[in-house]
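# Commentary on secondary and tertiary structure
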Amino acid sequence: MADSLTRIILDKQDINRTLTRIAHEIWERNRGLENLVLIGIRRRGVSIAHRLSRKLQEIAGISVPVGALDITLYRDDFSEIDSQPVIKKTEIPFSLKGKRIILCDDVLYTGRTIRAALDGIIDLGRPMSIQLAVLIDRGHRELPIHANYVGKNISTTIDELIEVFLEEDDHIEQVIVIKGHKDGTQ
Amino acid sequence: MELSNKDLLAIRDLSPEEILLILDTAESMKEISTRDIKKVPTLRGKTVINLFYEPSTRTRTSFEIAGKRLSADVVNISTSTSSTTKGETLKDTGRNLQAMNPDLIVIRHSCAGAPKILADTLPASIINAGDGAHEHPTQALLDAFTIREKKKTLSGIKVAIIGDITHSRVARSNIFLLQKMGADIRVSGPHTMVPPFIEELGVSFMPDMEEAIHDVDVIMMLRIQLERQQHGLFPSIREYSRFFGLNLEKLKKAKSDVLIMHPGPINRGVEIAPEVADGPYSIILDQVTSGVAVRMALLYLLIGKGNRESN
C-alpha cells in the first residue's frame, strides 16, 4: 500500500461517516421508511446494505430488510472477458412487489453492473421504485444511470483503478486509487 | 476457475475442484427455478441440441428445461423420426448438425464412446447424457448434489449401490465421482451382475444386501433392466426382488437417517417397494429437481462465455 502510485481516498472513519450520512439521506427522502428494502450487489454492496440497515435501525428505530443480488447471469460482457465469473447465490427472502428498493454497490463506474442489477430485480417482481446508493462514484458512465445517494465523487482517469476494502470481506477497511492500471476494469 | 475441457464426457476426466465448481454453481442456479419468472438471460442466442438415440423422459426434459431457464434455444431430436432411420451415420448426423452452428450438443447413445466420437469431430461442446454401459456423468453430478444438500458433505459418507452394477453407467459414474470426493462405497447385487475385480476400483463387494445397507448414509438403488432377464442373469424377477429389492423389512436394518435414491425410471415392486419409493427416506424426486440445477450449471460453465478459442 506504500506504493507511490496508490493513494488512500477514504479511511475507516471516513467510510463510517459517509455511510452514516447516506443513511440519514435515505431516511430523509423516504419518510417513515415504509416498504423500504435494501438490496446489495455481491459482494461488497451486500456489506454496505447491511451497514445501512444497522444505521437506519439506530437512527429511526426501524429495521429494514436486506437482500443479496448476484448479477453474473445478467452480465452483457461474457464475450469480452477472459475468465468466467463464478456465480454466487441471489438471496432475497422477501417479495419485491410494491417495495421501495435501495440498491447498494461499492463503486459506480460504467453503469453496466447497475443495468444488469435492474434487469435482475425486475425479473424477481415489480417494485414500486428503485433508488441507487453507492460509496464511490468515479464517473465515466457508458449508460444513462445516476445514483441517488453518493458517498464520494472522485474524478478519475480511465487508467486508474478504485479499490474498496471492507472489514467484512477483506479484513481491512479503506478506499484507494491505483494509478497506471492497465485498463481500469472495475 | 472454469472447466478445462469443452466437453463433459465422463466423470473420470474431472478433477475434484471441477466437480466442486459444478456443484457450487448448481447451488446458485437452484434458486432460479423457485422464482415466479423462472428465466435468466445468460445464454440468450446460444443453441443447444438434444440428440437422443435412446428413450428418455427425465434427462431429456431436464436438459431442455435447464437450457430454456437460461434463455438458450433448445432443439430436440429423437432418432426414431430422424434420418438415422435412413442409415445416416453418427458422424454424418453430427457434421450436419454442426453446419447449423449449435453451441452444445447433448447426446445419449447405446454405444459407449459415441459422445467421444462427436466431441473429437465437432467444435461444438458435447455433453454425454449416457453412453452404453460407460458413463452417465450428469446423473452422478446430480446425485452428488442431492447428497451434499442433505448431508452437507460428500467426504466420509457411506454409500451402498445395489443392483446390476456391471451394466450400469449410473453406477460407474457414481463410483468415480463419489470416490474422488472421498466417500466410502460398497456395492451389492447378484454375482452375475457385479464385475469381477470390482475391488480394484476401491469399492467393496457385499453379496448380502442387508449387510451392505446396515450402516450406510445413502442407499442407491439401480433400475433392474428387465430386458436383460432373457439373458439368464437371474432366475426370476421374484427371486431378484426377494434378495435385492428394497422393502420395508430390509429398510429396518438401515440407519434411521438413511437416504434412498434411484435414478429412475423405477420398477415398483421389483428393485424398490412402493412404500419405500414414496416413503419419508426417499429423495428420488429431489434428485429430479437437482437435475435441472446441475444441468443449468453445466450449460453455463461450458457455453456461458465467449468464444473459448479467441481468448
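An account of the accompanying structure is given in this report. (Residues numbered from 1 in each chain as written. Chains lettered and ligands numbered in written order. Predicted model: local features only at pLDDT ≥ 70, side-chain atom pairs only at ≥ 80, totals over all residues. Heavy atoms only, no water.)

Summed over all chains, the structure comprises 32 salt bridges over all chains. Among the ionic pairs, A:Arg29 bridges to A:Glu25, the shortest N-O distance being 3.6 Å. With A:Arg29 and A:Glu25 both in helix H1 (residues 12-29), this residue pair falls four residues apart, about one helical turn. What makes A:Arg29 partly exposed here is its relative accessible area of 47%. Between B:Glu249 and B:Lys252 there is a salt bridge, with its nearest N and O atoms 3.6 Å apart. Of the residues examined, B:Lys252 reaches a relative accessible area of 62% and is grouped as exposed. The network of salt bridges with shared partners includes A:Lys89, B:Asp24, B:Glu27 and B:Arg148. (Salt bridge = Lys/Arg side-chain N within 4 Å of Asp/Glu carboxyl O. Helix = DSSP H or I, 4+ residues; strand = E, 2+ residues; numbered from the N terminus. Buried < 20%, exposed > 50% of the residue type's maximum accessible area, 1.4 Å probe, protein only.)

All names here are of chain B. For Lys46, the location among the structural elements is in the loop between helix H1 (16-30) and strand S1 (47-52). For Lys46, which is buried and forms no salt bridge, the nearest opposite charge comes from Asp103, at a distance of 4.3 Å. Look past the residues within four positions of Lys46 in its chain and what remains in contact with it is Ala72, Asp73, Asp103, Ile303 and Lys305. (Lys, Arg positive; Asp, Glu negative; His and termini not counted. Contact = heavy atoms within 4.5 Å.)

All names here are of chain B. Spatial strand order, S2-S1-S3-S4: four strands in an open sheet with parallel pairing. Both edges of this open sheet fall to strand S2 (73-78) and strand S4 (125-131), since each of them pairs with a single strand only. Here the average twist between neighbouring strands, direction ignored, is 15°. By the bridge criterion, five bridges tie strand S3 (residues 104-109) to S4 in an arrangement that is parallel. Paired with Leu104 across the two strands is Ser125, which belongs to S4. (Pairing = 2+ DSSP bridges. Axes fitted to C-alpha atoms, helices over the stretch in contact; angles between N-to-C directions.)

All we've got here are geometric facts, nothing functional implied.
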